[in-house]
Amino acid sequence: MGSVVTDRSSERVQLVRSIAGRGVTDARVLAAMRQVRREAFVPPDLAEFAYRDLALPIESEQTISQPYIVALMTQALELEPHDRVLEIGTGSGYAAAVLSHVASEVFTIERHAQLAATARERLTSHGIHNTQVKHGDGRLGWPDHAPYDAIVVTAAAEAVPERLGGQLAIGGRLVIPVGAPDEIHELVRIRRTGADDFEEETLEQVRFVPLLPGRTEIADDTTGLRSVRGVPAAIAANCEPVEDLESVDLDGFLQRIGSARLVLLGEASHGTSEFYRMRHRITRDLIERAGFQFVAVEADWPDAARIDAYVRGAADTREPVRSAFQRFPQWMWRNADVLDFVDWLRAHNQEQPAHQVSFHGLDLYSMHDSMQRVVDYLEGVDPELAESAKRRYGCLTPYESDPAAYGLASLKRGYPECEHDVVTVLRELCQGRDRYLTGQGEAFLDAEQNAVITRDAERYYRAMYYGGAESWNIRDRHMFSTLQALIAFHGPAAKAVVWAHNSHLGDARATALSSDGQINLGQLIREQYGGQSYHLGFGTDHGTVLAAAAWGQEPQVMKVQPGRQRSYEQLFHQVEQRAFLLPLRSGHVDPQLRLALEKERLERAIGVVYRPQSELASHYFGAVLPEQFDEYFWYDETTAVTALPGTTRGPADPRHPFHTLDT
Ligand code: SAH
């Protein structure tokens, strides 16, 4: 018996009519829905259900989306006939087929090889030739064909994958369901309105299969904390309340850090006063009661050296403090709370001349300042080498006001013009070390470190243009090697306090960013120093923050939005106490609570730029808090730092083009 091909076109017309009745009005979308034979995209035994408005199971335990949702999402993309679209989650290929009728080109990515192959065949046999299917991880996008006028994700993400925003054209739209597996998801549309500007809106409540890989879900009620409401109560019972930042009792904290010799103090934004004040408070106790020897912060090395000259009495006026941190983002260190700490440290050092505590910078945004300092040092000890260093560094001089232009130029040339020169200066400086009178002292350390910064910054500005995690990783590896150089200098048992953003100090392996290949300082420290480091994360729900609306702009006091759904911020906001320390290490906390907190949630990071209008995409990422930190400091309502006056406002050093999560 020959098979009978059932004509389902009248069912299809009927379905499209009902979709129009539910509010999809875009005529081109409806026309596309009338053209694509959905029965060809479902398993043969389900063909009879193809025109019910239902999601249906397909191969590899996935689903073909509900037709109404496909129409809704396609409409939400606001496609013009000449637009190019990227779809994440090809599945059956049905949505791609619909898109192929509304856009000029469609690129679609599927993580199941088998599904990708089947979809490719189906599309071809449908006569669709403007669509390319790729097998791979869609969270990384498809950079080869970027930028796209529209990107649609047809699986639910816990947070918006960071890469996708950067692959949108200016004016482009990203439509994505956001939410945890097995929950209702929000269909969100993110519009790129400028190089660094995004706006987002929530369109609808939907349900999707998860964008993978996610993390293993542990439902709250398997932990014994029966309802979600039980978690804030358990936090309340396990935390140490902080009534007052200045007079808080830190005995428990000092006990918990045990024999740790690296204590890392984070922050959830670069512009929050309470975070600096709490770091000041804790650092005081670490210095006075636990013998910590130096403070290393996420700041440029030469600027921190100016502060160091002040706190250790090498300078007897405030001039070095006034002249430090002249470049954007000045307020990150040039603020009233940091000044309080610096004044305290100077007084401490005056009282304890035999146990002076030094202050250092870990960052690498000082290429030109650093080159100058290398040459200055060499002029005193080795004039011949100073001349050759000056010549070699001259390779980078044309880019003084815009180091990123060097990265772009080397990308265009296809080779790194100055790499050999900066590496050679460092090598020759190190070879000379034993000949210099100051070779074992701090002056040499300073020169060597500045030569290392120049080498690493040269690589950093090139990597900025490769995209991806590489430039971030170069920076965090640089911070780590600087910390190691400082430890070596102070002696192998040296004890240090580190101040940097949570995103540098928490263990990157506990965040979704690590699946992108991103590492950080906290991870490198854990890998190298094991239990000898103690990582304190900081968080807040709402209040004010000093931040810029875009890179290089003037800072302003902005309102911090309350924590998003499914975020740690929203969870901690429900705790009765307004400020507290919460130990997270096994053995320091109720195991049931730790288990409940191990469920991945969103976490917010505000850097020097804050974009409340696209907060979900710009500032949230997935994380597992107890794996990221050993302890968490919560301050529910926080206030902006006060910037100190008197900068001559140097230009901003550029960073990665899509850098709102760059802290
Ligand atoms: N657009 C599809 C809907 C498929 S369901 C259709 O019209 O049929 C979502 C699809 O996303 C599944 O096939 C799933 O395998 C795929 N997926 C999940 N995570 C992914 C990832 N990280 N990269 C690419 N595809 C993914």
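Residues numbered from 1 in each chain as written. Predicted model: local features only at pLDDT ≥ 70, side-chain atom pairs only at ≥ 80, totals over all residues. Heavy atoms only, no water.

Under an unreviewed UniProt entry, the protein chain has the name Protein-L-isoaspartate O-methyltransferase and belongs to Kribbella albertanoniae. According to UniProt, the comment filed for the protein chain under the heading Function (unreviewed entry) is "Catalyzes the methyl esterification of L-isoaspartyl residues in peptides and proteins that result from spontaneous decomposition of normal L-aspartyl and L-asparaginyl residues. It plays a role in the repair and/or degradation of damaged proteins." As its UniProt record puts it under Subcellular location (unreviewed entry), the protein chain is described as follows: "Cytoplasm". (UniProt positions renumbered as here; feature names shortened; annotations may be inferred.)

Caption draft 1: Geometry of the pattern of salt bridges. Under the criterion given, the structure shown has 49 salt bridges. The closest approach of N and O atoms between E201 and R189, which form a salt bridge, is 3.0 Å. With E201 in strand 9 (residues 197-206) and R189 in strand 8 (residues 185-194), the pair connects residues that are twelve residues apart, well separated along the chain. Judged by relative accessible area, which is 10%, R189 ranks as buried. A salt bridge links K390 to E379; the shortest N-O distance between them is 3.3 Å. With a gap of eleven residues between them, K390 in helix 14 (residues 383-393) and E379 in helix 13 (residues 367-381) connect regions that are remote in the sequence. You can call E379 partly exposed: its relative accessible area is 39%. What emerges from the salt-bridge pattern is a single network uniting D507, R509, R526, E527, R585 and D630. (Salt bridge = Lys/Arg side-chain N within 4 Å of Asp/Glu carboxyl O. Helix = DSSP H or I, 4+ residues; strand = E, 2+ residues; numbered from the N terminus. Buried < 20%, exposed > 50% of the residue type's maximum accessible area, 1.4 Å probe, protein only.)

Caption draft 2: Summary view of the confidence of the model for the protein chain. Mean pLDDT over the protein chain works out to 91, with 94% of the residues at or above the 70 mark. Scored below 50 in pLDDT, residues 215-228 shows 31 contacts in the model against residues more than four places distant or in partner chains. (pLDDT = per-residue confidence, 0-100. Contact = heavy atoms within 4.5 Å.)

Caption draft 3: Representation of the sheet that holds strand 17 (residues 555-560) in the model. Spatially, the three strands line up as an open sheet ordered 17-16-22, and their pairing is mixed. Looking at the sheet topology across the chains shown, the edges are occupied by strand 17 and strand 22 (637-638). The pairing of strand 16 (residues 542-548) with strand 22 spans two bridges and is classified as parallel. Pairing of H542 across the sheet is with E637, part of strand 22. (Pairing = 2+ DSSP bridges.)

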